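# Structure at a glance
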There are 2 protein chains.
Amino acid sequence: MEDYGPYKRANLRDVARHANVSVATVSRVLNKSDRVSKATRERVQSAIEALGFVPSAAARTLNSGRSRTIGALVPTLTHSIFARYLDALEEELSNQGYALIVAVTDGVPELEESKAFGLLDMGVEGLVISGNRHTSGFDALVERFRVPVLITSFFEPSARYPTIGYDNRAIAANAVNFLRALGHKTLSVIHGPPDVNDRISARIDAARAAAGGLSMNFLPTTMDVAGGANAVRELIASGQRPSALLCLSDVQALGALFELQRQGISVPDEISVMGFDNLEWSAVSEPGITSIELPAVEMGQKAAASLIDWLKTGQRASSMALDATIIERASTKEQN
Amino acid sequence: MEDYGPYKRANLRDVARHANVSVATVSRVLNKSDRVSKATRERVQSAIEALGFVPSAAARTLNSGRSRTIGALVPTLTHSIFARYLDALEEELSNQGYALIVAVTDGVPELEESKAFGLLDMGVEGLVISGNRHTSGFDALVERFRVPVLITSFFEPSARYPTIGYDNRAIAANAVNFLRALGHKTLSVIHGPPDVNDRISARIDAARAAAGGLSMNFLPTTMDVAGGANAVRELIASGQRPSALLCLSDVQALGALFELQRQGISVPDEISVMGFDNLEWSAVSEPGITSIELPAVEMGQKAAASLIDWLKTGQRASSMALDATIIERASTKEQN
DNA sequence: CTACCAAATGTAACCGGTTACATTTTGATA
DNA sequence: TATCAAAATGTAACCGGTTACATTTGGTAG
């Protein structure tokens with residue numbers, strides 16, 4: 001390991017020569033396929049051992065035409081919802097003998113296109129993408145490479161590619177209805193930048209559409225804990241006091257909770273707070289945050305399974321809707 | 001995209017035939033290297049266009065011997081410290097034309113070995129690994145594939161492979177000394193399972209070694225928000241009341257903070273709380289959590305740069321220590 | 001002892017690019 | 001118009017495996 005430097009890896013022909021057999025025989029030993037006599041097999045094995053032979057992935061890929069890699073494009077890794085999803089995706093792919101190449105797009109469609117090109121150029125057999133805002137160049141790329149593409153994080157059967165995810169619109173509407181059912185009349189919605197992420201904009205639109213009868217206002221902010229805190233600070237500073245706060249992400253809900261606490265406003269007595277994503281701390285915070293459990297792990301598994309199936313059978317995968325569940329905790333209460 | 005099914009991708013010879021030139025000429029056009037007459041170049045370009053030609057990554061890799069991929073092994077993706085690190089690693093590698101293949105080991109050395117094999121077998125040119133507990137099989141693997149390996153997350157110049165990271169021992173000692181300097185005499189240390197992760201065990205050992213004069217006890221728990229909360233619950237239930245709590249991870253500090261709050265114990269007036277990792281919420285929580293900033297992003301960048309340099313020059317990378325800084329916030333205060 | 005079949009092994013083409021070297025074309029100069 | 005270097009293009013080997021097909025070997029039945 002010290003200096004692994006200039007050194008020529010032994011190849012199959014070297015092994016063959018060393019073992020006094022033909023390349024075909026060595027290949028057969030490697031693929032434990034055909035019958036090779038025990039004596040020969042052992043001779044080959046020891047030649048492999050002696051030369052430290054390691055088969056070349058590229059050569060194998062070249063004539064099988066299969067690279068056994070899948071590319072994933074995600075906006076970021078630092079959101080635990082994506083991390084959980086990727087974790088599951090990787091695990092399932094790995095079980096099936098595929099490796100996962102990850103590329104981060106920062107939610108920028110142009111970056112997505114160029115990273116997608118990089119992945120395809122690298123020879124991935126398929127792509128899994130979070131988000132649905134693509135450049136036309138991206139579509140052209142897919143067209144050209146003729147590779148299966150799966151979209152995750154939202155469900156939309158009419159999309160250009162099969163989608164596996166939850167119905168962000170329905171879920172956001174459910175959340176609004178949940179608060180309405182509790183008797184809330186004035187609602188502030190804290191959300192991240194809608195132009196970066198179509199999941200976010202779907203949630204916003206649906207919340208707005210479900211507003212019927214409620215007084216609802218929207219507070220755009222950044223997609224992090226500090227964002228939630230800032231939004232609340234501005235809200236309170238502006239003198240408004242909604243009876244409930246709907247945060248379209250739990251990170252923001254956490255920040256909101258902290259800020260309300262800092263301002264001495266009691267949750268849920270004075271304001272109810274509801275989050276989205278059911279991140280791990282939401283169950284443990286004081287008070288626990290009512291949230292919506294998104295099946296990130298299931299999504300990763302399903303995506304992996306669908307894509308591999310697509311590759312195996314050549315049959316386009318079909319879209320799949322996953323259920324989300326409202327988890328009621330202490331941060332919301334009835335209002336009358 | 002509908003049925004991308006049975007379809008033979010055009011290859012370089014097809015293009016050559018279609019454009020009435022030789023394969024060498026096509027290759028030259030592709031690599032924009034040598035001079036090709038404008039007329040010919042255009043003819044080739046349009047043949048490429050017409051046939052939807054896409055060069056094969058495998059073939060290119062085969063004769064260049066370079067796959068342009070790097071493998072990363074991490075215990076998990078769901079810890080934001082790893083996510084930040086990977087994010088940076090990916091970005092830097094991508095800038096240099098390398099793709100990142102991620103494999104998750106769950107902190108299990110045997111899994112690490114088998115995933116490492118998978119990556120090497122896939123043809124990665126180098127490995128970046130978080131953690132330092134390897135099987136001997138892993139070392140043998142590296143020996144055999146003769147591939148550069150870099151260890152991150154801790155600094156240890158005498159390790160078998162170059163390490164890039166922070167000195168967990170020194171940092172933990174600093175944390176203890178910081179609390180001692182504030183006048184704390186009784187200290188409880190909340191930490192994750194030491195057997196899964198050598199960074200954790202290094203921190204524990206160093207804290208213990210730095211205890212001199214302090215009354216210190218250790219509370220093992222799980223590595224998540226709930227773990228911090230549970231540890232505090234048990235601590236308080238057992239009737240102990242240290243003046244300060246050192247959590248060897250911010251996720252645990254957050255859980256501890258919530259639980260203390262739930263129990264009506266004021267931070268920092270009754271108990272000071274100190275964390276580790278400076279996660280994003282630590283600045284925003286109420287009170288803000290005193291923590292230690294670990295340079296995860298810098299670590300990712302440095303690791304990428306070192307590895308690529310190693311690949312380019314053939315010169316083994318050297319270990320590198322990164323600085324960590326204590327960020328003092330409202331969760332700790334002087335004790336007398 | 002020969003014929004014959006199965007098992008074992010070998011030969012060579014092929015996957016799809018790159019590239020050293022050979023050959024042809026172009027165009028400028030004498 | 002002959003000459004020659006530079007530019008353009010072509011030929012074929014090579015990277016390291018896999019595999020269809022050919023050949024050799026071994027054992028058994030006739």
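Before any of the text, the structure's been laid out above.
Residues numbered from 1 in each chain as written. Chains lettered and ligands numbered in written order. Predicted model: local features only at pLDDT ≥ 70, side-chain atom pairs only at ≥ 80, totals over all residues. Heavy atoms only, no water.

### Focus: the protein's contact with DNA strand C
Taken together, 26 residues form the shell around DNA strand C, and within it Ser22(A), Thr40(A), Leu12(B), Arg13(B) and Ser27(B) come nearest. Near the protein, within 4 Å, the atoms of DNA strand C are sugar or phosphate in 53% of cases. Between DNA strand C and the protein, one listed contact pairs a phosphate oxygen with a side-chain N or O atom of Thr40(A) at 2.3 Å. Between DNA strand C and Asn11(B), the relevant distance is 3.3 Å, taken from a phosphate oxygen to a side-chain nitrogen or oxygen of the residue. Listing elements by their share of the surface near DNA strand C, those giving two or more residues are α2 (23-30) and α4 (57-64) of chain A together with α1 (12-19), α2 (23-30) and α4 (57-64) of chain B. When residues in the surface near DNA strand C are grouped by element, the largest group, four residues, is from α2(A). Partitioning the surface near DNA strand C into residue classes produces twelve nonpolar, eleven polar and three charged. (Near = heavy atom within 4 Å. Polar contact = N/O pair within 3.5 Å; in protein donor to acceptor, adjacent residues only side chain to side chain. Helix = DSSP H or I, 4+ residues; strand = E, 2+ residues; numbered from the N terminus. Nonpolar A, V, L, I, M, F, W, Y, C, P; charged D, E, K, R; others polar.)

### Side note on the packing of aromatic side chains
Enumeration over the complete set of coordinates arrives at six aromatic pairs over all chains. Look at Phe258(A) and Phe258(B): their rings are 6.0 Å apart centre to centre, the planes differ by 5°, and that puts the pair in the stacked class. Here Phe258(A), found in helix α11 (residues 250-262), pairs with Phe258(B), found in helix α11 (residues 250-262), and the two come from separate chains. With relative accessibility at 0%, the residue Phe258(A) sits in the buried group. Its guanidinium or amino end placed over the ring of Phe218(A), Arg208(A) lies 4.5 Å from that ring's centre, counting from NZ or CZ. (Phe/Tyr/Trp six-rings, centres within 6.5 Å; stacked < 30°, edge-to-face > 60°. Buried < 20%, exposed > 50% of the residue type's maximum accessible area, 1.4 Å probe, protein only. Lys NZ or Arg CZ within 6 Å of the ring centre and 35° of its normal.)

### Let's talk about the sheet that holds strand β5 (residues 163-166) of chain A
Reading across from one edge, β11(A)-β5(A)-β4(A)-β3(A)-β1(A)-β2(A)-β2(B)-β1(B)-β3(B)-β4(B)-β5(B)-β11(B) is the order of the twelve strands in this open sheet, with mixed pairing throughout. In this open sheet, the two edge strands, each paired with only one partner strand, are β11 (320-322) of chain A together with β11 (320-322) of chain B. Sheet twist, expressed as the mean angle between neighbouring strand axes with direction ignored, is 20°. In this sheet, β5(A) lies alongside strand β4 (residues 149-152) of chain A in parallel orientation, the contact comprising two bridges. Bridging across to β5(A), Thr152(A) finds its partner in Ile164(A). Along the sheet, helix α12 (residues 296-313) of chain B contacts β1 (69-74), β3 (126-130), β4 (149-152), β5 (163-166) and β11 of chain B; its crossing angle with β4(B), the most-contacted strand, is approximately 165°. (Pairing = 2+ DSSP bridges. Axes fitted to C-alpha atoms, helices over the stretch in contact; angles between N-to-C directions. Contact = heavy atoms within 4.5 Å.)

### Examining the packing of α1(B) against α2(B)
Residue and element names in this part refer to chain B. Running from amino to carboxyl end, α1 crosses α2 at an angle of 105°, the nearest separation of the two axes being 8 Å. What the angle tells us is that α1 and α2 run roughly perpendicular. Mapping the contact onto sequence places Leu12, Arg13, Val15 and Ala16 in α1 and Val23, Val26, Ser27 and Leu30 in α2. Among the residues making up the contact of α1 with α2, the classes are represented as six nonpolar, one polar and one charged. (Parallel < 35°, antiparallel > 145°, perpendicular 65-115°, else oblique.)

### Looking at the interface of chain B and chain A
Taken residue by residue, the interface counts 66 residues in chain B and 65 residues in chain A. For the pair chain B and chain A, the summed buried surface comes to about 5,800 Å²; carbon and sulfur atoms form 61% of the total. The tally of links from chain B across to chain A stands at eight salt bridges. Taken together, the connections running from chain B to chain A amount to 20 residue pairs in polar contact (both at pLDDT 80 or more). A class-by-class count of the residues in the side of chain B that touches chain A yields 33 nonpolar, 13 polar and 20 charged. (Buried area = accessible area lost by both parts, 1.4 Å probe. Salt bridge = Lys/Arg side-chain N within 4 Å of Asp/Glu carboxyl O.)

### Observations concerning the protein's contact with DNA strand D
As a matter of local geometry, DNA strand D sits amid 26 residues, with Leu12(A), Arg13(A), Ser27(A), Ser22(B) and Thr40(B) nearest to it. Within the backbone of Ser22(B), an N or O atom sits 2.6 Å from a phosphate oxygen of DNA strand D. Taken together, the elements giving at least two residues each to the surface near DNA strand D come down to α1 (12-19), α2 and α4 of chain A together with α2 and α4 of chain B. Residue composition of the surface near DNA strand D, grouped by class: twelve nonpolar, eleven polar and three charged.

### Details of the layout of surface pockets
Space inside the second largest pocket adds up to approximately 1,000 Å³. What lines the second largest pocket is a set of 49 residues, among which Thr76(A), Leu77(A), Thr78(A), His79(A) and Ser80(A) lie closest to the centre. The set of elements that each furnish at least two residues to the lining of the second largest pocket consists of α5 (80-95), α6 (109-121) and α9 (198-209) of chain A together with α5 (80-95) and α12 of chain B. Considering each element in turn, the lining of the second largest pocket owes the most residues, nine residues, to α5(B). Here the lining of the second largest pocket is composed, by residue class, of 22 nonpolar, 14 polar and 13 charged. (1 Å grid on protein atoms, 1.4 Å probe; cavity = no way out; pocket = protein on both sides within 12 Å on 5 of 7 lines; lining within 4 Å. Points joined across faces, edges and corners; volume = space filled by probe spheres on them.)

### Thoughts on α12(B)
All names here are of chain B. Taking 1.5 Å per residue, 18 residues should reach 26 Å; α12 reaches 26 Å between its end C-alpha atoms and fits that length. Residues of α12 that are buried: Ala296, Met299, Gly300, Ala303, Ala304, Ser306, Leu307, Ile308, Trp310 and Leu311. Backbone geometry just after α12 places Gly314 at a positive phi near 80°. (Expected span 1.5 Å × (residues − 1).)

### Focus on helix α7 (residues 136-145) of chain A
Residue and element names in this part refer to chain A. Buried within α7 we find Gly137, Phe138, Asp139, Leu141, Val142 and Phe145. Of the surrounding secondary structure, the elements contacted by the buried residues of α7 are β1 (69-74), α6, β3 (126-130) and β4. Within two residues after α7, Arg146 carries a phi angle of roughly 50°, on the positive side.

### A closer look at the nonpolar core
Among soluble globular proteins, nonpolar side chains are generally buried collectively. Core analysis: the largest hydrophobic core is formed by 105 residues, its most contacted members being Leu86(A), Leu89(A), Leu86(B) and Leu89(B). Not counting residues within four places of it along the chain, the set of residues in contact with Leu86(B) comprises Leu77(A), Ala72(B), Val74(B), Leu77(B), Leu100(B) and Val102(B). Core analysis: the second largest hydrophobic core is formed by 40 residues, Phe145(A), Ile151(A), Val124(B) and Val147(B) among them. (Core = buried A, V, L, I, M, F, W, Y, C linked by side-chain atoms within 4.5 Å.)

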